Protein chains: 2
Amino acid sequence: MAYELYYWPTIQGRGEFVRLALQQAGADYVDIARGHEDDGQGVPALTAYLEGGATTRPPFAPPFLKDGDVVVGQTAAILLYLGPKLKLAPKAEADRLWAHQIQMTIADLTAEAHDSHHPVGLALYYEDQKKEAKRRSKEFRKQRIPKFLGWLETILSANPAGDQWLVGDKLTYVDLSAFQVVQGLLYAFPKATKKTLKETPKLAALAVRVADQPRIKAYLESDRRLPFSEEGVFRRYEELES
Amino acid sequence: MAYELYYWPTIQGRGEFVRLALQQAGADYVDIARGHEDDGQGVPALTAYLEGGATTRPPFAPPFLKDGDVVVGQTAAILLYLGPKLKLAPKAEADRLWAHQIQMTIADLTAEAHDSHHPVGLALYYEDQKKEAKRRSKEFRKQRIPKFLGWLETILSANPAGDQWLVGDKLTYVDLSAFQVVQGLLYAFPKATKKTLKETPKLAALAVRVADQPRIKAYLESDRRLPFSEEGVFRRYEELES
């Protein structure tokens, strides 16, 4: 049976980390909220789960994945679950835990990237927290982007199996997510991110290596890949980088 | 061999979620940074890991746990690893994933509680982001505390095994963490949290049930339990609740 991914239909957002894994594996999946309401899909199919009536284990927020009876929320937990099934996780238990730990840290970076344009709160428009966003973005650009990407570079350098992939000597879902976060940061804060990537050449090379995977390449060139935009987690507002 | 917990020695912070699990299990552990430098402990033993020299898998930030050769960072990943060993996790794989998902959401709530007093950035003092903190705290009190605690209440209500514990019919590490986050919020935002807890009576009762566990009770009454303070993740600043 096809996996069912539930995420907002018009943005990459956090759902994209899961989409990339499904695409790289060539997995059979339905991006439910991008389907038609006539087929029982679309956004109402998503919100039914959030409202709690559809399962005794309601996710807190999208994305979430349905695989038969299993409903899993939280991006990193979805990938922990999917990774082995898609053959995108390392084999040993300790390595899987390490991959998961990296994924959770990428999730933290993603949350901070989001908060760079929404430092006061989700319920308010960006326009109503622009001043605060400017201060937070400055801190994010100066302190946090270098710290997070520097940590990923350290991991690549320290990997006993070589610096091609983050965990072991094969591509895992964590590499796909590292690619995605680099893309997102390049979109949102191009100057700061390019500057940091010069100091993290192994991570920069990893991102290129991921983009060159045949299935990822085909996906990125297709219209299944939604564009980055000012609706997503990573947003480009010029005033936040000046 | 004793577990080694690495966390800042003077605050509860994120380390407390792990301490509570170790205490409830009566586990043999060393709170490394609270030990003496003469014994190879103290803060230098912690920072050695963060600087990357001590392991090929350096944690991004404390807390992290060392168990023999395994070093695990990220609070929720530590508890995913420790839960079964401490007999504080559910047995079935699907239930463990569900517990982990709840734990990750409690981690998100904890991060937002932190950002209520540090909305601009970690590198700046609270005093230098007081104005922004006031706005963010208002959003946090009005929107986020009710949303997160309401979600935990929904889970308790929907648990097919009853509303005593979050997962299944036994106490798991997730219940300890729910207790801790309720305590932290009661310290930081007493008015808003008490108001919300009136609408989430099952969660309020769960917190009391956890506090009454004999080992937790003894721990909370001991001087091993550090006090909440204006140095931790949950902070009480009266101006943020007025």
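Given the structure is predicted, the values throughout are model-derived calculations rather than measurements. (Residues numbered from 1 in each chain as written. Chains lettered and ligands numbered in written order. Predicted model: local features only at pLDDT ≥ 70, side-chain atom pairs only at ≥ 80, totals over all residues. Heavy atoms only, no water.)

For the rest of this paragraph, the subject is the domain arrangement of chain A. All names here are of chain A. You can read the domains of chain A as domain 1 (3–85) and domain 2 (93–241). Contacts between the two partners involve 22 residues from domain 1, matched on the other side by 28 residues from domain 2. Interface area lost by domain 1 to domain 2 is led by Q12, F17 and Q24, which between them contribute 30%. Put simply, E16 and R225 hold a salt bridge, and the shortest N to O gap is 2.9 Å. Put simply, domain 1 and domain 2 have eight residue pairs in polar contact (both at pLDDT 80 or more) between them. For the side of domain 1 that touches domain 2, the secondary structure elements donating two or more residues are α1 (15–25) and α3 (75–85). For the side of domain 1 that touches domain 2, the element with the highest residue contribution is α1, accounting for eight residues. When its residues are assigned to classes, the side of domain 1 that touches domain 2 shows 11 nonpolar, seven polar and four charged. (Domains from an automatic or database assignment. Contact = heavy atoms within 4.5 Å. Buried area = accessible area lost by both parts, 1.4 Å probe. Salt bridge = Lys/Arg side-chain N within 4 Å of Asp/Glu carboxyl O. Polar contact = N/O pair within 3.5 Å; in protein donor to acceptor, adjacent residues only side chain to side chain. Helix = DSSP H or I, 4+ residues; strand = E, 2+ residues; numbered from the N terminus. Nonpolar A, V, L, I, M, F, W, Y, C, P; charged D, E, K, R; others polar.)

Structural alignment of chain A on chain B gives an RMSD of 0.0 Å, achieved by rotating through 180° and translating 0.0 Å along the axis. Such values leave the two copies arranged in the relation of a two-fold axis. Closest approach to the rotation axis among the C-alpha atoms of chain A is made by P119 of chain A, whose C-alpha sits 2.9 Å away. Both copies contact each other with a shared surface, as 100% of the interface residues of chain A are interface residues in chain B too. (Least-squares fit on C-alpha atoms with pLDDT ≥ 70 in both.)

Let us look at the interface of chain A and chain B. Facing 45 residues of chain A, the contacting portion of chain B comprises 45 residues. Each partner contributes to the roughly 4,100 Å² buried at the junction of chain A and chain B, and carbon and sulfur atoms together form 60% of this total. The largest share of the area that chain A buries against chain B comes from R57, F60 and R135 of chain A, three residues that together contribute 19% of it. Our count for the contact surface shared by chain A and chain B stands at six salt bridges. The partner of R136 of chain B in a salt bridge is D115 of chain A, and the shortest N-O contact between them spans 3.5 Å. Inspection of the region where chain A meets chain B yields 19 residue pairs in polar contact (both at pLDDT 80 or more). The element contributing the most residues to the side of chain A that touches chain B is helix α5 (residues 130–158) of chain A, with 12 residues.

Applying the stated criterion across every chain, the model contains four cavities of 30 Å³ or more. Taken as a whole, the largest cavity encloses approximately 60 Å³ of empty space. What lines the largest cavity is simply I11, Q12, G13, Q180, P227, F228, S229, G232, V233 and F234 of chain B. Among the residues making up the lining of the largest cavity, the classes are represented as five nonpolar, five polar and no charged. Both domains that meet at the lining of the largest cavity, namely domain 1 (3–85) and domain 2 (93–241) of chain B, each give it at least three residues. By volume, the second largest cavity is sized at about 50 Å³. Lining the second largest cavity are I11, Q12, G13, P227, F228, S229, G232, V233 and F234 of chain A. When the residues that make up the lining of the second largest cavity are grouped by side-chain class, the tally is five nonpolar, four polar and no charged. (1 Å grid on protein atoms, 1.4 Å probe; cavity = no way out; pocket = protein on both sides within 12 Å on 5 of 7 lines; lining within 4 Å. Points joined across faces, edges and corners; volume = space filled by probe spheres on them.)

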